[in-house]
Amino acid sequence: MNRTAAVVLSLLLAAGLVVWWLASAKGPTADPVAPIELATTPDATPKTAQRPIPKDGNNMVQPEFESPKNAASPYSFTPESALERLLQEGDAAAPVGAELDAIEAAVAQGLAAEPKNGRWHYGMGVVAHTRANASTDDATRRTHAEACFKHITEATKLDTKNADYFADLGHATMGTMKPGDGFLTMASIAGDARKAWEKAVELNPDHIQAHYSLAMYQIQARRQGGVLFGSYSAAKKSGEKLVSLPKGKHLGHIVLGTVAVYEEKWDEVAKQFHLAEQTATTDSQRTSAMYTHARHMFNAKKDAKATLLVLERLTAQQPNFPMHLLRAQAKKLDEDYSGAIEDFKHLLAETPEASNARFLLAQCYESAGNTVSAIAMYEEFKTKFADDKERME
């Protein structure tokens with residue numbers, strides 16, 4: 001392959017990977033899909049890292065700490081209990097507000113007492129990651145993402161044998177991508193993330209999150225850059241490895257189902273996502289499997305009825321799950337304009353700034369023959385989103 005071709009493919013891969021990462025890290029404005037978390041499941045309800053606290057060999061005997069005193073906060077943590085809360089497994093919601101502040105203060109106390117102990121840097125990295133996910137503006141998100149990368153990088157330097165740190169370094173690395181980066185910069189960042197995940201697997205061949213991350217990397221690289229950059233076979237191998245691990249089955253079936261989507265093997269897609277539901281160990285994992293399955297049916301197969309069938313099952317189990325955008329889009333594709341209009345209106349009542357939903361609602365009014373409402377909605381769109389040049393034309 002000549003140098004020019006290699007550069008062009010690198011640019012295409014970088015563009016695709018940054019779209020993948022930014023979409024998963026921030027989620028669509030109106031119909032949220034959770035980010036790829038530090039050590040969590042894909043497309044599930046947002047959480048912080050979901051694994052026990054990594055064992056750190058630098059300090060076999062942990063010192064005693066007093067809880068940070070904060071009269072204004074109802075939360076009180078020692079550094080140890082703060083880490084336990086940060087890395088809590090299951091369906092517990094991520095700490096926010098005063099609780100996260102108290103956790104950060106406690107972990108910072110641990111770091112001040114033991115600056116060469118990687119676990120405290122790791123804890124500060126998870127705090128920064130949690131704040132980045134909760135940020136509503138890009139500048140703040142980037143600030144926290146950089147802090148996350150800095151602390152987790154330091155943790156890997158202090159404990160070079162900890163596979164968990166390297167697995168999360170991959171995600172922290174991807175978190176430093178931003179829309180203004182040049183393509184070569186993005187390709188370099190993605191490559192560094194892949195190396196961190198590969199290091200995690202080298203240190204722990206059964207590391208669940210690292211195998212999952214590498215599999216999804218291979219899938220996206222194959223889609224965007226072709227066979228020279230990614231491999232569905234390599235992704236399948238990681239998926240099969242995950243299925244062989246007692247705690248990796250759910251993610252393994254997600255991987256195998258996703259590969260089947262891009263190979264257009266729709267019976268296999270249904271089989272693998274149903275297995276992902278059956279092997280889920282938390283409600284959020286089960287919800288994740290169904291919603292991800294529905295998204296693939298809509299985005300990849302363009303099958304409105306299949307999408308709605310999966311969403312109907314999801315609604316029965318999680319009636320409050322935010323699926324209005326996807327359901328409305330599927331109804332629009334199925335030419336059920338009245339049903340789509342109701343979902344879009346419900347979504348806009350909750351998220352008035354959802355520009356995509358507002359434009360699609362105008363289209364539904366137009367298709368349904370309601371010219372007056374269509375014109376009013378198009379005019380409203382033009383007023384609210386004048387910077388959307390593509391749709392203004």
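Only a predicted model underlies this, so the values are computations on that prediction, with no experimental measurement involved.

Thresholds applied
- Residues numbered from 1 in each chain as written.
- Predicted model: local features only at pLDDT ≥ 70, side-chain atom pairs only at ≥ 80, totals over all residues.
- Heavy atoms only, no water.
- Helix = DSSP H or I, 4+ residues; strand = E, 2+ residues; numbered from the N terminus.
- Contact = heavy atoms within 4.5 Å.
- Salt bridge = Lys/Arg side-chain N within 4 Å of Asp/Glu carboxyl O.
- Buried < 20%, exposed > 50% of the residue type's maximum accessible area, 1.4 Å probe, protein only.
- Axes fitted to C-alpha atoms, helices over the stretch in contact; angles between N-to-C directions.
- Parallel < 35°, antiparallel > 145°, perpendicular 65-115°, else oblique.
- Nonpolar A, V, L, I, M, F, W, Y, C, P; charged D, E, K, R; others polar.

Visitor: How should I be thinking about the environment of His144 in this particular structure?
Guide: With respect to the helices and strands, the residue His144 is situated in helix 5 (residues 138–158). With residues up to four places along the chain from it excluded, the contact list for His144 reads Ala128, Arg131, Ala132 and Ser135.

Visitor: Just to check I follow, could you spell out the pattern of salt bridges for this structure?
Guide: In total, this model carries 22 salt bridges according to the counting rule given. Between Arg85 and Glu99 there is a salt bridge, and its shortest N-O distance comes to 2.7 Å. A residue pair is termed long-range when its members are at least 10 positions apart, and Arg85 in helix 2 (residues 79–86) and Glu99 in helix 3 (residues 97–113) qualify at 14 residues. For Arg85, a relative accessible area of 16% gives the class buried. Take Glu99: its relative accessible area is 12%, and that puts it in the buried class. The salt bridge partner of Arg313 is Glu277, with a shortest N-O separation of 2.8 Å. Of the two residues, Arg313 is situated in helix 13 (residues 304–317) and Glu277 in helix 11 (residues 266–278); the sequence distance between them amounts to 36 residues. Given the relative accessible area of 10%, Glu277 is considered buried.

Visitor: So what exactly am I meant to see when it comes to the packing of helix 10 (residues 249–262) against helix 12 (residues 283–299) here?
Guide: Axis angle and axis distance: for two packed helices, these are the angle between their axes and the distance between the axes, and together they describe the pair. Closest axis-to-axis distance for the helix 10/helix 12 pair is 11 Å, and the angle between their directions is 0°. Between helix 10 and helix 12, the angle is such that the two are roughly parallel. Here His250, Ile254, Thr258, Val261 and Tyr262 of helix 10 lie close against helix 12, whose contacting residues are Gln285, Ser288, Ala289 and His296. Residue classes in the contact of helix 10 with helix 12 are distributed as four nonpolar, five polar and no charged.

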